[in-house]
Amino acid sequence: MVILLNENYHVCTGCALLCDDIEVVIDANVITEIKTACRKGVSRMKGCNDPMSPTVEGQQVDIDVAIGAAADILKNSESPLIFGLGNSTDGAQKKAIELAKHIGAILDDTSSFCQGPTLEAIFNDKIKSCTLDDVRNKADVIVYWGADPSNSHPRHLSKFSYFPRGQERQRGWEEDRTMISIDIRKSHTAKISGDKFHQIPLQADEEFIDALIDALSGKVPKVPFEYDPKRILELANIMKNARFGIIFVGLGLVYSLDNMDPIVKLMDKLNELSNFHLIPMVGHYNMRGFNQNLFNETGHLNRVKFEKGNNTKVQHGAEFSIVESLNEKKVDAALIIGSDPLSSLPRAVADHLLNIPIITIDPCETFTSRKAKVTIPSALSGVECGGSAIRMDGEEVMFEPIIETTTLSDEEILTRIMEAL
Ligand code: SF4
């Protein structure tokens, strides 16, 4: 399904919820008021505190000069890396895949160290998923596991999961829905779930899953940490009686597991007994779009390497992640699009990135852009340029720009770089 927008409403690209009911007041091509968006969305739509300028070697230049310098770096590179794109439109992502094929680049994104395994299991039909609209209309048991949407996706509970009335949930949260939170700390979301909050020790998710599967199988759960087995039996009882259950998987759960096997096992067990679905709490507004677009093209959702001049040959594996390719000094230039890896990578890995020429395409100045050889400013998606993106549940959302700008979009910049090669 493609979600088309009523012309009075705009889409917020502040997170992968892509709220499509945003009203704004515009005066002389400036947004003066933003209604309906959460605080995170308002801050995104207001634009950057430090907007980017086109620069080469730290000197401000004309945009054409910056694009030419970027093309020169990529032309002279034996093994370039393209990274980011979670904050770019589908059109820009497809253009970046085309560019990666053309120059024989390693292509990766942040899913490589966050929700990649969850999305891979969904793309390969190992886990049953659904849409957020299904959740709003049908879900009676909602589980947030290692996730705190009250802070990461502030309108998640009010727009789609716990609070709204839905077609089959007319009595809403008071009577028709049960919300459970499983986490290592009592987050804002956990507080809303009241006595349905299960606090577990750090890195104990797999053991908790095993105990829950035991309880679902009618056995007395063995919990290797201090925990009342009766509470796990009570949780299993709620889950197996769900008419439409949903688990929202956050990074807290993903980071605590070595692989997706325990989650697949739990979902299989739940679906023997009831009707359960899973949606990953994707952060960046179009990270799922990047994974979907690359998967459609190559059968892999991240960590790929294309062979220069050979449109069909693609390699895939952990060695082509940003971390490993930098660790092993496999890349000699980096094009970073809408991302700030220098702020998040471990120091030893970031060191190699600092030793190679970096090109950044971003609306805002970042730590990475301050160290880049070439910086190219881009239009802010959903505010200054339109396009489409894939919401965290896999639904495509179209959006139009709200204000006019002469700044090029990511897609236009990548097209111009391709032309200059
Ligand atoms: S929840 Fe996400 S998409 Fe919705 S308004 Fe807030 S930041 Fe924007």
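Residues numbered from 1 in each chain as written. Predicted model: local features only at pLDDT ≥ 70, side-chain atom pairs only at ≥ 80, totals over all residues.

### Here's the deal with the sheet that holds strand E6 (residues 80-84)
Operational definition: Two strands make a pair as long as DSSP finds a minimum of two bridges between them. The way it works is that DSSP assigns letters per residue, a run of H or I at least four long becomes a helix, a run of E at least two long becomes a strand, and they are numbered from the N terminus.
Reading across the sheet, the nine strands line up as E5-E4-E17-E16-E15-E6-E7-E13-E14 and stay open at both edges, with mixed pairing between neighbours. The open sheet terminates on both sides in strands that have one partner only, identified here as strand E5 (59-60) and strand E14 (310-316). Relative to strand E17 (residues 374-377), strand E4 (residues 55-56) runs antiparallel, the two sharing two bridges. Across the sheet, residue Val56 finds its bridge partner in E17, namely Val374.

### Details of helix H10 (residues 205-216)
What counts, and what does not: Working rule for helices: expected span equals 1.5 Å times residues minus one. Comment: burial labels come from other C-beta atoms within 10 Å of the residue's own C-beta, placed from the backbone, where a count of 20 or more is buried, 12 or fewer is exposed, and between is partly exposed. Directions are taken from the helix axis to each C-beta atom, and the arc is the one they span. Placing C-beta atoms from the backbone, we regard two residues as in contact once those atoms come within 7 Å.
For H10, with 12 residues, the first-to-last C-alpha span of 16 Å sits near the 16 Å given by 1.5 Å per residue. Within the sequence span of H10, burial applies to Asp205, Phe208, Ile209, Ala211, Leu212, Ala215 and Leu216. Down the axis of H10, the buried side of the element spans an arc of 165 degrees, and every buried residue falls inside it. Against strand E9 (178-183), helix H11 (229-240), helix H12 (251-256) and helix H13 (261-273) lie the buried residues of H10. Downstream of H10 by a residue or two, Gly218 has a phi angle that is positive, lying close to 85 degrees.

### Comments concerning the packing of H10 against H13
Cut-off, in case you're wondering: To obtain each axis, a line is fitted to C-alpha atoms, and for helices this fit is confined to the stretch in contact; angles are then taken between N-to-C directions over 0 to 180 degrees. Angular relationships are summarised with four words: roughly parallel below 35 degrees, roughly antiparallel beyond 145, roughly perpendicular across 65 to 115, and oblique for the angles in between. Note: crossing handedness is left-handed where the near helix turns anticlockwise from the far helix by less than a right angle, and right-handed where it turns clockwise. We call Asp, Glu, Lys and Arg charged. Ala, Val, Leu, Ile, Met, Phe, Trp, Tyr, Cys and Pro are nonpolar, and the rest, Gly among them, are polar.
It is the contact of H10 with H13, at a shortest axis distance of 10 Å, that shows an interaxial angle of 20 degrees. When the axis of H10 is compared with that of H13, the two are roughly parallel. The way H10 lies across H13 gives a crossing that is left-handed. Across from Glu206, Ile209, Leu212, Ile213 and Leu216 in H10, the residues of H13 making contact are Pro262, Lys265, Leu266, Lys269, Leu270 and Leu273. Of the residues belonging to the contact of H10 with H13, the class tally is eight nonpolar, no polar and three charged.

### Observations concerning the packing of H10 against H11
For the pair H10 and H11, interaxial distance at closest approach is 9 Å and the crossing angle is 65 degrees. Taken together, the axes of H10 and H11 lie roughly perpendicular to each other. Of the two elements, H10 crosses H11, and the hand of that crossing is right-handed. In contact with Ala211, Leu212, Ala215 and Leu216 of H10, H11 contributes Ile232, Leu233, Leu235, Ala236 and Lys240.

### So, the sheet that holds strand E10 (residues 197-199)
Here we have five strands laid out as an open sheet, ordered E10-E9-E8-E11-E12, and parallel in their pairing. Both edges of this open sheet fall to E10 and strand E12 (276-280), since each of them pairs with a single strand only. Across the sheet, the mean angle from the axis of one strand to that of its neighbour is 15 degrees, orientation sign disregarded. Looking at chain direction, strand E8 (residues 141-145) and strand E11 (residues 245-249) are connected through five bridges and run parallel. Bridge pairing in E11 places Tyr144 opposite Phe248.

### So, the site of the ligand
To be explicit about the condition: Working rule for contacts: place C-beta from the backbone, and if it is within 6 Å of a molecule or strand, that residue counts as near it. Segmentation of the chain into domains, including their bounds, is taken from an automatic or database domain assignment.
Near the ligand you find 13 residues, and of these Cys12, Gly14, Cys15, Cys19 and Gly41 are the closest. Taken together, the residues that form the shell around the ligand break down as eight nonpolar, three polar and two charged. Both domains that furnish three or more residues to the shell around the ligand are identified here as domain 1 (23-114 + 285-420) and domain 2 (116-280).

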